[in-house]
Amino acid sequence: MRRLYRKKALSLVKELDAFPKVPESYVETTATGGTVSLIAFTAMALLAFFEFFVYRDTWMKYEYEVDKDFSSKLRINIDITVAMKCQHVGADILDLAETMITSNGIQYEPVIFELTPQQKLWHRTLLLIQNRLREEHSLQEVLYKSVLKGAPTALPPREGTASEPLSACRIHGHVYVNKVAGNFHITVGKPIHHPRGHAHIAAFVSHDNNEMFQYFITVVPTKLHTSKVSADTHQFSVTERERVINHAAGSHGVSGIFMKYDTSSLMVTVSEQHMPLWQFLVRLCGIIGGIFSTTGMIHGFVGFCFDIVCCRFKLGPYKPREVNPHVNNCAAPLLTDNHVQE
């Protein structure tokens with residue numbers, strides 16, 4: 001009984017077979033079919049090869065949310081060289097709440113204003129990256145992935161001893177500020193603080209040919225998560241303008257460099273995404289199955305059209321055969337009914 005049930009179950013399963021096997025003696029191979037198969041296999045190999053590189057590649061995903069971290073400090077790195085002596089310039093920060101930020105982390109270093117060849121190369125590289133970022137924003141993803149490890153982020157030191165006079169001042173260092181709008185400025189004269197604000201002493205400095213340089217900066221908090229690094233950083237956009245201070249012509253103001261910054265209330269989370277293995281396998285199966293089905297349908301349609309044309313114009317296998325009158329018909333005669341009865 002068990003064997004009978006097994007045979008019935010096996011026969012039922014065989015009837016449900018969606019992939020019936022055709023004996024090889026019933027299969028006819030043709031040159032056109034072989035050519036189409038060769039083209040299909042080549043297309044499969046090429047598409048699978050390119051799909052593998054797509055699988056290895058990554059892309060950046062951007063997510064936006066409200067920045068809820070108001071208590072943390074924002075670090076500002078400073079490295080500016082002005083063509084004035086250090087005793088004639090001063091730098092400080094004043095935020096929106098009229099809070100004077102201490103500038104203990106800022107250093108004044110007398111230097112030569114002209115850069116060395118190595119420093120000029122570093123400066124040109126930095127300008128090239130900034131210009132490319134303005135023109136092609138996709139470069140930003142490349143920077144996110146590489147994080148520019150090993151690239152110099154600070155001005156290279158001057159090699160050798162300086163023979164020229166130190167007529168410029170390099171203001172560099174870092175300060176921590178609150179996440180509110182503020183104003184970092186470098187003006188003529190050293191800053192002094194008093195209960196009603198602050199001022200700069202510039203009584204012994206000439207005011208000829210003075211200019212005001214203004215930079216309006218918007219800072220966006222950013223969290224970066226890639227396969228190489230995970231860090232909390234910031235992005236920024238800047239708008240700049242400059243004008244000459246000429247009180248006689250009505251262009252009033254204070255000469256100096258003013259950087260007015262503001263922090264965005266939105267935070268950007270940038271994460272590196274990778275195609276999962278199961279998705280790669282599904283896409284690979286889709287490529288193979290799609291090419292097989294498409295080439296099979298094209299081959300069948302072309303063969304069908306070829307048969308119609310040949311049948312219509314009596315070409316190829318549909319061409320009528322000529323009968324040779326000199327060939328005898330050696331076929332055996334059919335038996336009549338009389339012979340069958342005998």
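Here the structure is a predicted model, which is why all the values come from computation and not from measurement. (Residues numbered from 1 in each chain as written. Predicted model: local features only at pLDDT ≥ 70, side-chain atom pairs only at ≥ 80, totals over all residues. Heavy atoms only, no water.)

**Details of the packing of aromatic side chains**
Under the criterion given, the structure shown has five aromatic pairs. Ring geometry for Phe 41 against Phe 292: centres 6.2 Å apart, planes inclined by 85°, an arrangement best described as edge-to-face. Highlighted residues: Phe 41 in helix H2 (residues 31-56) and Phe 292 in helix H5 (residues 277-313), separated in sequence by 251 residues. Residue Phe 41 is classed as partly exposed on the basis of its relative accessible area of 47%. Each residue in the set Phe 49, Phe 50, Phe 52 and Phe 53 is aromatic and connected to the rest through ring pairs, giving one cluster. (Phe/Tyr/Trp six-rings, centres within 6.5 Å; stacked < 30°, edge-to-face > 60°. Helix = DSSP H or I, 4+ residues; strand = E, 2+ residues; numbered from the N terminus. Buried < 20%, exposed > 50% of the residue type's maximum accessible area, 1.4 Å probe, protein only.)

**A word on H2**
If you check H2, its first and last C-alpha atoms are 38 Å apart, about what 26 residues at 1.5 Å a residue would give, namely 38 Å. Packing partners of the buried residues in H2 comprise strand S13 (266-274) and H5. (Expected span 1.5 Å × (residues − 1). Contact = heavy atoms within 4.5 Å.)

**Remarks on the state of the cysteines**
Tallied over the entire structure, the rule returns one disulfide. Disulfide partner of Cys 86: Cys 169, at an S-S distance of 2.3 Å. On the sign convention where negative is left-handed, the bridge of Cys 86 and Cys 169, at about 105° about the S-S bond, is right-handed. Here Cys 86, found in the loop between strand S2 (74-82) and strand S3 (89-95), pairs with Cys 169, found in strand S6 (residues 168-177); they are 83 residues apart in sequence, far enough to count as distant. In this pair, the class of Cys 86 matches that of Cys 169, namely buried. (Disulfide = S-S within 2.5 Å.)

**Description of the pattern of salt bridges**
With the rule as written, the count across this model stands at five salt bridges. Here Lys 179 makes a salt bridge to Asp 67, at a shortest N to O gap of 3.3 Å. Of this pair, Lys 179 sits in the loop between S6 and strand S7 (182-188) while Asp 67 sits in the loop between strand S1 (58-66) and S2, placing them 112 residues apart in sequence. In this structure Lys 179 comes out as buried when scored by relative accessible area, which is 18%. Taking the shortest distance from any N to any O, the salt bridge between Glu 109 and Arg 170 comes out at 3.7 Å. Residue Glu 109 is located in strand S5 (residues 106-111), and its partner Arg 170 is located in strand S6; the two are separated by 61 residues in the primary sequence. Since its relative accessible area comes to 16%, Arg 170 is described here as buried. Taken together, the shared-partner salt bridges connect Asp 79, Glu 109 and Arg 170 into one network. (Salt bridge = Lys/Arg side-chain N within 4 Å of Asp/Glu carboxyl O.)

**Examining the sheet that holds S2**
Here three strands make up an open sheet; going across it, the order is S2-S6-S5 and the pairing antiparallel. Each having just a single partner strand, S2 and S5 make up the two edges of the open sheet. Neighbour-to-neighbour, the strand axes of the sheet open up by a mean angle of 10°, direction not taken into account. Where S2 and S6 come together, nine bridges link them in antiparallel fashion. For Thr 81, the partnering residue across the bridge sits in S6 and is Arg 170. (Pairing = 2+ DSSP bridges. Axes fitted to C-alpha atoms, helices over the stretch in contact; angles between N-to-C directions.)

**Brief notes about a nonpolar patch on the surface**
Together, Leu 46, Leu 47, Phe 49, Phe 50, Phe 52 and Phe 53 give the surface a local cluster of nonpolar side chains, amounting to about 600 Å² of exposed area. Here Phe 52 is to be found in helix H2. Classification of Phe 52 as partly exposed rests on a relative accessible area of 37%. (Patch = residues over 30% accessible without salt bridge, like charges linked within 9 Å, V, L, I, M, F, W, Y side chains within 5 Å. Areas by Shrake-Rupley, 256 points an atom, 1.4 Å probe, with all protein chains shown as cover.)

**Re the UniProt feature "transmembrane region" (unreviewed entry) in the protein chain**
Per the UniProt annotation, the sites labelled "transmembrane region" (unreviewed entry) are residues 35-55 and 280-302. Summarising residues 35-55: 100% helix, 0% strand, and an end-to-end C-alpha distance of 30 Å. Between the C-alpha atoms that bound residues 280-302 there is a distance of 33 Å. The span itself is 100% helix and 0% strand. (UniProt positions renumbered as here; feature names shortened; annotations may be inferred.)

**Quick word on the side chain of Thr 58**
Tracing the backbone shows Thr 58 in strand S1. In terms of polar contacts, Thr 58 uses its side chain to reach the side chain of Glu 272, at 2.7 Å. (Polar contact = N/O pair within 3.5 Å; in protein donor to acceptor, adjacent residues only side chain to side chain.)

**A few points about the nonpolar core**
Counting residues in hydrophobic clusters, the biggest one holds 21 residues, and the most contacted among them are Ile 78, Ile 80, Ile 171, Val 175, Val 177, Phe 184 and Ile 186. Elements supplying a minimum of two residues to this core: S2, S3, S6, S7, strand S10 (211-225) and strand S12 (256-263). If you tally residues by element for this core, the top one is S2, at five residues. (Core = buried A, V, L, I, M, F, W, Y, C linked by side-chain atoms within 4.5 Å.)

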